[in-house]
Amino acid sequence: MRAAVLHEIGQDKLEILDDVEAVGFGPGRVRIRVRATGLCHSDLSAMSGVLPQPAPFVPGHEGAGEVVEVGERVSHLKAGDRVVVCWLPACGACPACKRGQTELCLAGFMNAGTPNFKRAGQDVFGFAGTGTFTEEVVVDAGCAVPIPDDVPFDIAALIGCGVTTGLGAALNTADVQAGSSVAVIGCGGVGISTIQGARLRGAAEIVAVDPVASRREAALRFGATRAVAPDGLPDAKQQVTAGEGFDYVFEVVGRSATARTAYENTRRGGTLVVVGAGAMDDHLQLNMFELFFDEKRILPSMYGGGDVLRSYERTIALWRAGRIDLEGLITHRVPLAGINEALDQMRTGTALRTCIEI
């Protein structure tokens, strides 16, 4: 079986191998034939070591495909079912799930320490307990979420992470109010989805902030009212808010420097939403006086901050109704053999989302 493997953390290229085997099939598990997968920036972060991940591993966590076989005790799936891969399944029994905060369930993270693959007697892990840069993957049944027949695999793959994260940040975590002012710092696939969420909620002004001109242009097509490079944010803040600051600022980069910028551009009493996944040793510095005096809400948003399954259903309904554009997010397509080309497209910012067709 073919798969793209990173041998050591810190390498910037993946090797396409044809001797990888998906392992772990048994009770409560399913085998999925991957048909399409998106490249998310979190994959790059895992490769570089920003996000913790044992190696060697198969990146990819934003995938969709068909069920090949199901293990014992799996009743909601059968061979041939079309599914989206959910990298953060809810167990339904832990305290977080019982509180209704299923996005905080740790069951999915426990899967990350169990190898999903092997080759030549060597264990190979799957990123985030999945690993979709491959032809087949074995996952817990809860990671395989059925999708309707009218949802193409490439669209379903996007729903598996980036779109759910971005839309949810605006709709669930921030609960953006109609008529408000919004700034989104970082306008890749997740940031563009955040912009679409803010537009859905009726934000009056949506300022997209990104250093890449093509992404700024894309942001305007997806609902931003203006788009600026990072050095243009102060002027935008002055023009849109008379210098007060935005009602909502979304940090979609995952760095303390941009989070600090986001904080400074949030109005007093406004809301800063941290969407980007950053490194454990990258610390955001705030002083105790400004926390007290500014009364700004700082809200992290994990996987869109809401029930994942309901978020999937909502996204599909909005897509069917033409309220959100998912096809337009896919700016590039490559086969699995071209995965390193896709990595370059992500690093340079030329792609919003690259679909790897398998």
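Owing to the predicted nature of the structure, the values given are computational and were not obtained by experimental measurement. (Residues numbered from 1 in each chain as written. Predicted model: local features only at pLDDT ≥ 70, side-chain atom pairs only at ≥ 80, totals over all residues. Heavy atoms only, no water.)

Caption draft 1: Geometry of helix α1 (residues 41–48). For α1, the complete set of buried residues consists of Asp-43, Leu-44, Ser-45, Ala-46 and Met-47. Gly-49 lies just past α1 and shows a positive phi near 95°. (Buried < 20%, exposed > 50% of the residue type's maximum accessible area, 1.4 Å probe, protein only. Helix = DSSP H or I, 4+ residues; strand = E, 2+ residues; numbered from the N terminus.)

Caption draft 2: Highlighting the packing of aromatic side chains. With the rule as written, the count across this model stands at three aromatic pairs. Consider the rings of Phe-289 and Phe-293, whose centres lie 5.2 Å apart with planes at 15°: the pair is stacked. Of this pair, Phe-289 and Phe-293 both sit in helix α10 (residues 288–294), four residues apart, which is roughly one turn of that helix. Here Phe-293 falls in the partly exposed class, since its relative accessible area comes to 41%. Note that Arg-82 overlies the ring of Phe-153, its terminal NZ or CZ placed 4.3 Å from the centroid. We note Lys-296 situated over the ring of Tyr-263; from NZ or CZ to the ring centre the distance is 4.2 Å. (Phe/Tyr/Trp six-rings, centres within 6.5 Å; stacked < 30°, edge-to-face > 60°. Lys NZ or Arg CZ within 6 Å of the ring centre and 35° of its normal.)

Caption draft 3: Seen up close, the sheet that holds strand β17 (residues 297–300). Taking strand neighbours across the sheet as the criterion, the six strands line up as β14-β13-β12-β15-β16-β17 in an open arrangement whose pairing is parallel. In the strand order of this sheet, the two ends are held by β14 (226–228) and β17, each with one partner. Shown here is a sheet whose adjacent strand axes are inclined to one another by a mean of 20°, direction ignored. Sheet topology note: the strand β12 (residues 181–185)/strand β15 (residues 246–251) ladder contains four bridges and is parallel. (Pairing = 2+ DSSP bridges. Axes fitted to C-alpha atoms, helices over the stretch in contact; angles between N-to-C directions.)

Caption draft 4: Structural context of the domain arrangement of the protein. Split by domain assignment, the protein resolves into domain 1 (3–161 + 306–357) and domain 2 (166–300). One C-alpha centre belongs to domain 1, the other to domain 2; they are set 27 Å apart. On the domain 2 side, the residues contacting the 19 residues of domain 1 number 22 residues. Roughly 1600 Å² is buried in total at the junction of domain 1 and domain 2, and carbon and sulfur atoms are behind 58% of that figure. Where domain 1 packs against domain 2, one counts zero salt bridges. In this structure, the connection of domain 1 to domain 2 is made through six residue pairs in polar contact (both at pLDDT 80 or more). (Domains from an automatic or database assignment. Contact = heavy atoms within 4.5 Å. Buried area = accessible area lost by both parts, 1.4 Å probe. Salt bridge = Lys/Arg side-chain N within 4 Å of Asp/Glu carboxyl O. Polar contact = N/O pair within 3.5 Å; in protein donor to acceptor, adjacent residues only side chain to side chain.)

Caption draft 5: Examining the pattern of salt bridges more closely. Throughout the structure, instances matching the rule amount to 20 salt bridges. Taking the shortest distance from any N to any O, the salt bridge between Lys-78 and Asp-81 comes out at 2.9 Å. Of the residues examined, Lys-78 reaches a relative accessible area of 54% and is grouped as exposed. Residue Arg-82 is joined to Asp-149 by a salt bridge in which the shortest nitrogen-to-oxygen separation is 3.9 Å. Residue Arg-82 is located in strand β7 (residues 82–85), and its partner Asp-149 is located in the loop between β11 (144–146) and α4 (153–159); the two are separated by 67 residues in the primary sequence. Using a relative accessible area of 67% as the deciding quantity, one classes Asp-149 as exposed. Within this structure, Lys-13, Asp-344 and Arg-347 form a network of salt bridges that share partners.

Caption draft 6: Up close: the UniProt feature "domain: Enoyl reductase (ER)" (unreviewed entry) in the protein. On the UniProt side, "domain: Enoyl reductase (ER)" (unreviewed entry) is annotated at positions that read residues 10–352 here. The span residues 10–352 carries 31% helix and 24% strand; its end-to-end C-alpha distance comes to 23 Å. (UniProt positions renumbered as here; feature names shortened; annotations may be inferred.)

Caption draft 7: Representation of the nonpolar core. Residues Phe-133, Val-182, Ile-195 and Phe-250 are the most contacted members of the largest nonpolar core, which totals 97 residues. Tallying contributions element by element places α4 first for this core, with six residues. Each of two domains, domain 1 (3–161 + 306–357) and domain 2 (166–300), supplies a minimum of three residues to this core. Of all hydrophobic cores here, the second largest spans twelve residues; its members include Ala-183, Val-207, Ala-262 and Leu-272. (Core = buried A, V, L, I, M, F, W, Y, C linked by side-chain atoms within 4.5 Å.)

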